[in-house]
Amino acid sequence: MSDKQPPTDPVLSHVQPLPGGLYGDQPYETALSDLRAAVAEVSAALRDTEDPAVTEDLMRYQVDLNRAQLQLRPDDDDALERAHALCRTVRRYLTTGTA
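Since the structure is predicted, the reported quantities are computational estimates derived from the model, not experimental observations. (Residues numbered from 1 in each chain as written. Predicted model: local features only at pLDDT ≥ 70, side-chain atom pairs only at ≥ 80, totals over all residues. Heavy atoms only, no water.)

Quick question: what am I supposed to make of the packing of aromatic side chains here?
Each pair of aromatic rings is reported with the distance of its centres and the angle of its planes. Scanning all chains against the criterion turns up 1 aromatic pair. Taking 5.4 Å as the distance between ring centres and 55° as the angle between the ring planes, the aromatic pair formed by Tyr61 and Tyr93 counts as tilted. With Tyr61 in helix 2 (residues 52–71) and Tyr93 in helix 3 (residues 77–96), the pair connects residues that are 32 residues apart, well separated along the chain. Take Tyr93: its relative accessible area is 9%, and that puts it in the buried class. Above the face of the Tyr61 ring, Arg60 is positioned so that its terminal group lies 4.8 Å from the ring centre. (Phe/Tyr/Trp six-rings, centres within 6.5 Å; stacked < 30°, edge-to-face > 60°. Helix = DSSP H or I, 4+ residues; strand = E, 2+ residues; numbered from the N terminus. Buried < 20%, exposed > 50% of the residue type's maximum accessible area, 1.4 Å probe, protein only. Lys NZ or Arg CZ within 6 Å of the ring centre and 35° of its normal.)

I keep staring at the nonpolar core and nothing clicks. Help me out?
Most often, soluble globular proteins keep nonpolar side chains buried together rather than apart. Core analysis: the biggest nonpolar cluster contains 20 residues, and Leu35, Leu65, Leu72, Leu86 and Val90 have the highest contact counts within it. Listed by contribution, the elements that provide at least two residues to this core are helix 1 (27–48), helix 2 and helix 3. Tallying contributions element by element places helix 1 first for this core, with 8 residues. When neighbours within four sequence positions are excluded, Leu65 is seen to be in contact with Leu35, Ala38, Val39, Val42, Leu86, Cys87 and Val90. (Core = buried A, V, L, I, M, F, W, Y, C linked by side-chain atoms within 4.5 Å. Contact = heavy atoms within 4.5 Å.)

What's the story with the packing of helix 2 against helix 3 in this structure? I'm lost.
Relative orientation and spacing of two packed helices are given, respectively, by the angle between their axes and the distance between those axes. Look at helix 2 against helix 3: their axes get within 11 Å of each other, and the N-to-C directions meet at 160°. In terms of their interaxial angle, helix 2 and helix 3 are classed as roughly antiparallel. Note that helix 2 runs across helix 3; the crossing there is left-handed. Of the residues in helix 3, those in contact with Val54, Asp57, Leu58, Tyr61, Asp64, Leu65 and Ala68 of helix 2 are Leu86, Cys87, Thr89, Val90, Tyr93 and Leu94. (Axes fitted to C-alpha atoms, helices over the stretch in contact; angles between N-to-C directions. Parallel < 35°, antiparallel > 145°, perpendicular 65-115°, else oblique. Left-handed = near helix turned anticlockwise from the far one by under 90°.)

Now the structure itself:
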(Lines give C-alpha, C1' and ligand atoms only; values in the text may rest on other atoms or scores of the structure.)
Protein backbone atom coordinates (compact mmCIF):
# COMPACT_ATOMS: atom_id res chain seq x y z
CA MET A 1 0.00 0.00 0.00
CA SER A 2 1.48 3.32 -0.98
CA ASP A 3 1.12 6.62 0.89
CA LYS A 4 -1.09 7.99 -1.89
CA GLN A 5 -3.80 5.35 -1.58
CA PRO A 6 -6.80 6.24 0.56
CA PRO A 7 -7.58 3.97 3.51
CA THR A 8 -9.53 0.95 2.39
CA ASP A 9 -12.16 1.34 5.08
CA PRO A 10 -12.15 4.72 6.83
CA VAL A 11 -15.40 4.06 8.68
CA LEU A 12 -14.13 1.04 10.63
CA SER A 13 -11.34 3.05 12.18
CA HIS A 14 -13.97 5.21 13.91
CA VAL A 15 -16.33 2.46 15.09
CA GLN A 16 -16.49 1.90 18.84
CA PRO A 17 -17.61 -1.48 20.20
CA LEU A 18 -20.74 -1.54 22.33
CA PRO A 19 -20.12 -2.07 26.01
CA GLY A 20 -20.88 -5.59 27.15
CA GLY A 21 -20.42 -7.28 23.79
CA LEU A 22 -22.94 -8.64 21.33
CA TYR A 23 -25.30 -10.00 23.97
CA GLY A 24 -24.37 -7.40 26.60
CA ASP A 25 -27.53 -7.30 28.67
CA GLN A 26 -28.85 -10.71 27.76
CA PRO A 27 -29.24 -13.78 29.99
CA TYR A 28 -26.75 -15.57 27.73
CA GLU A 29 -23.98 -13.10 28.52
CA THR A 30 -24.76 -13.31 32.23
CA ALA A 31 -24.59 -17.11 32.20
CA LEU A 32 -21.37 -17.11 30.18
CA SER A 33 -19.81 -14.60 32.56
CA ASP A 34 -20.91 -16.71 35.54
CA LEU A 35 -19.31 -19.81 33.99
CA ARG A 36 -16.06 -18.01 33.27
CA ALA A 37 -15.87 -16.66 36.81
CA ALA A 38 -16.51 -20.13 38.23
CA VAL A 39 -13.75 -21.58 36.02
CA ALA A 40 -11.37 -18.96 37.39
CA GLU A 41 -12.37 -19.77 40.97
CA VAL A 42 -11.82 -23.50 40.38
CA SER A 43 -8.45 -22.83 38.74
CA ALA A 44 -7.35 -20.79 41.74
CA ALA A 45 -8.52 -23.50 44.13
CA LEU A 46 -6.68 -26.16 42.11
CA ARG A 47 -3.50 -24.17 42.43
CA ASP A 48 -3.84 -24.02 46.21
CA THR A 49 -4.92 -27.57 47.06
CA GLU A 50 -2.73 -30.51 47.92
CA ASP A 51 -5.51 -32.98 48.75
CA PRO A 52 -5.83 -35.55 45.93
CA ALA A 53 -9.57 -36.05 46.51
CA VAL A 54 -10.22 -32.30 46.33
CA THR A 55 -8.02 -32.04 43.25
CA GLU A 56 -10.06 -34.77 41.57
CA ASP A 57 -13.35 -33.04 42.43
CA LEU A 58 -12.09 -29.68 41.20
CA MET A 59 -10.82 -31.12 37.95
CA ARG A 60 -14.21 -32.75 37.36
CA TYR A 61 -15.93 -29.44 38.01
CA GLN A 62 -13.51 -27.69 35.68
CA VAL A 63 -14.38 -30.14 32.89
CA ASP A 64 -18.10 -29.70 33.58
CA LEU A 65 -17.81 -25.90 33.51
CA ASN A 66 -15.85 -25.94 30.27
CA ARG A 67 -18.37 -28.29 28.68
CA ALA A 68 -21.21 -26.02 29.82
CA GLN A 69 -19.50 -23.06 28.15
CA LEU A 70 -19.29 -24.95 24.87
CA GLN A 71 -22.92 -26.08 25.03
CA LEU A 72 -24.36 -22.70 25.99
CA ARG A 73 -26.63 -21.08 23.40
CA PRO A 74 -28.45 -17.74 23.65
CA ASP A 75 -31.80 -19.28 22.74
CA ASP A 76 -31.64 -22.27 25.14
CA ASP A 77 -33.18 -21.10 28.41
CA ASP A 78 -32.75 -24.53 30.03
CA ALA A 79 -29.01 -24.52 29.30
CA LEU A 80 -28.73 -21.01 30.75
CA GLU A 81 -30.38 -22.15 33.99
CA ARG A 82 -28.26 -25.32 34.12
CA ALA A 83 -25.14 -23.16 33.75
CA HIS A 84 -26.12 -21.00 36.71
CA ALA A 85 -27.04 -24.08 38.76
CA LEU A 86 -23.65 -25.64 38.03
CA CYS A 87 -21.91 -22.43 39.09
CA ARG A 88 -23.90 -22.39 42.35
CA THR A 89 -22.92 -26.04 42.98
CA VAL A 90 -19.25 -25.31 42.31
CA ARG A 91 -19.25 -22.27 44.58
CA ARG A 92 -21.00 -24.22 47.35
CA TYR A 93 -18.29 -26.90 47.03
CA LEU A 94 -15.54 -24.28 47.16
CA THR A 95 -17.09 -22.73 50.25
CA THR A 96 -18.18 -25.79 52.22
CA GLY A 97 -16.28 -28.69 50.68
CA THR A 98 -19.52 -30.47 49.75
CA ALA A 99 -21.73 -30.17 46.68
